[in-house]
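Observations on the model geometry
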Amino acid sequence: MAFQERPWQSFGPYVLLFAIAFLAYANTFGNGWTYDDFPVIVENSDIRSWPEFLRNSYPGRPLRELTYLFDHALFGFNPAGWHIQQILWHALNACLVFALGRRLQLARWAALVAALIFLLHPLQVEVVANLSHRKDSLALAGALGAILCYLRFLHDQPRRKAWLFAALGCFGLALSAKQSVVMLPVICLLYEVLLIPRPRRLLARYPLLLAGLAVPALVFAGWWWQSVGGWPELYVSMQNTVAFKANYFEPLTLPVYYLTVLKSWIFMGLRLVWPLDLALEYTFPVAAQLADPWVVAGLAVLLAGLALLVISWRRWPTACWLLISAWCLFLPTANLWPLTYLAADRYL
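Residues numbered from 1 in each chain as written. Predicted model: local features only at pLDDT ≥ 70, side-chain atom pairs only at ≥ 80, totals over all residues. Heavy atoms only, no water.

Comments concerning the overall build of the protein chain
For the record, the criterion: Strands here mean DSSP runs of E at least two residues long; helices mean DSSP runs of H or I at least four residues long; both are numbered from the N terminus. Computation of the radius of gyration draws on C-alpha atoms, with the globule rule given as 2.2 Å multiplied by the number of residues to the power 0.38. Three labels apply to residues, based on accessible area from a 1.4 Å probe with only protein chains included: buried if under 20% of the type maximum, exposed if over 50%, partly exposed otherwise in between.
The helix and strand tally for the protein chain stands at 15 helices and zero strands. In terms of overall dimensions, the protein chain is globule-like: its C-alpha atoms have a radius of gyration of 21 Å, near the 20 Å expected for 348 residues. Based on the C-alpha atoms only, the size of the protein chain along its principal axes is roughly 60 × 50 × 40 Å. Split into buried and exposed, the 348 residues of the protein chain put 43% on the buried side.

Here you go:
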C-alpha cells in the first residue's frame, strides 16, 4: 500500500482539529470536581509528588496518575487548569483518527470528516468533561499510536525495526492507562490476514507458532479463572451488576444475564447513531425472555453485522478490518465478564 502523504501537507487539518476541540469544550473550564474525581484525584495521594507516586497507594492506572502529577504541579487542585490537558488528549486522538484515515488511503476530506465526527460526537462528553475518565483518552491515544506505528512497520522499508519498537512502546503506554486495549495484538493480526501478503507479515507469518502460543494463553486463562473464583464469583458479579443497574433482585440465571447484556449493546448502539437522552448513568430493566423487543433487535443487528463481515471479508477488506477492530476494542467492556455498569458512554 503506497502512502505519499507528507507531514506538512496535513498540518492545516491538525491545527483545525485542535482549535475546534478547544472551542467545543471551552465550557468545561468552569466545571468543578464531580463523581469519581474525588476518589481518583482529590483524595488520591499518588498524584501529589514523586515519592507518593512511587508509593502507589492507588494502583491500576500509572499513566493516568503521571498526567495528574503534571497537572497538580502546575495547577494544584484548581480543576480549570486540568481541563487543558484533558482537551489536548481528545484533540490528539482526533488527529490520530485523521492520520489513520490517510494511512488507509481515505481522501483528505473523508479522513477529516471522520476525525470531526469523533471529535464532536456527543458520546465523547463523558470522557472529555470528566477528569477521572482521562484513562480512556490516554488508552485510545496509545492504541491509535500503536496501530499507526505498526502500519508503518508493515508498509515502509526504512527504519522498520524502529517502527516496530515504537508500536510496542505505544501498546505498553496504552495498557498502563487502561487494560481494555489488551485486544490490540488481535487487531494487528487481523490486519495482516486481511491486507498483507504472507511474505511481509509478522504476527500471521507462522500460523503453527500462533497455535502454539495459544496453549500457554489458555493455561493462563484457566489459572486466572480459578484465581478470581470461577463460576461462583462470576455469578455473584452478575447478580451485583443487575441489582446495581437494573434493580433486579430475584434469583438470576445465565440466560437472563446475557440477554440483558445483549439488550445493553443495542441500547448503547442506538446512542452511537442517535445520541439523545444521554446520561452519566443508565438504568433499564433486565431482559427476562427472548421475545423482549430489545433482545430481538440486538439479535437482528448481530446477524446483520456478521453477514456484513462475511461479505466484506473479500470484497472490502479494509472496511472489514475496521468493523472487527471496533468490536475488539469494545469487547473488554461488553460485560461478558460483569462490570459495574451495564451501559456507559465511555465504553464507546
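Notes on the nonpolar core
What counts here: Among buried residues, those of type Ala, Val, Leu, Ile, Met, Phe, Trp, Tyr and Cys that are joined through side-chain atoms within 4.5 Å constitute a nonpolar core. The contact rule is simple, with two residues in contact once any of their heavy atoms fall within 4.5 Å.
Residues Leu17 and Trp321 are the most contacted members of the largest nonpolar core, which totals 51 residues. The set of elements that each furnish at least two residues to this core consists of helix 1 (11-24), helix 5 (79-103), helix 6 (108-120), helix 8 (134-155), helix 9 (160-177), helix 10 (184-195) and helix 15 (317-330). Counting residues per element, this core draws most heavily on helix 8, at 13 residues. Leave out the neighbours within four places in its chain, and Leu17 touches Ala91, Ala94, Cys95, Phe98, Leu112, Ala115, Leu116 and Leu119.

Notes on the packing of helix 8 against helix 10
Put simply, the rule is: Axis definition: a line fit to C-alpha positions, over the contact stretch in the case of helices; interaxial angles, taken between N-to-C directions, run 0 to 180 degrees. Orientation categories follow fixed angle ranges, with anything under 35 degrees roughly parallel, anything over 145 roughly antiparallel, 65 to 115 roughly perpendicular, and all other angles oblique. By convention the crossing between two helices is left-handed if the near helix lies anticlockwise of the far one by an angle smaller than a right angle, and right-handed if it lies clockwise. Asp, Glu, Lys and Arg are counted as charged, while Ala, Val, Leu, Ile, Met, Phe, Trp, Tyr, Cys and Pro are counted as nonpolar; the rest, among them Gly, fall into the polar class.
Relative to each other, helix 8 and helix 10 sit at 30°, their axes nearing to 11 Å. The angle between helix 8 and helix 10 falls in the class roughly parallel. Like other packed secondary-structure pairs, helix 8 and helix 10 cross with a definite hand, here right-handed. Within the contact between the two elements, helix 8 uses Ala143, Ala146, Ile147, Tyr150, Leu151, Leu154 and His155 and helix 10 uses Leu184, Ile187, Cys188, Tyr191 and Glu192. A class-by-class count of the residues in the contact of helix 8 with helix 10 yields 10 nonpolar, one polar and one charged.

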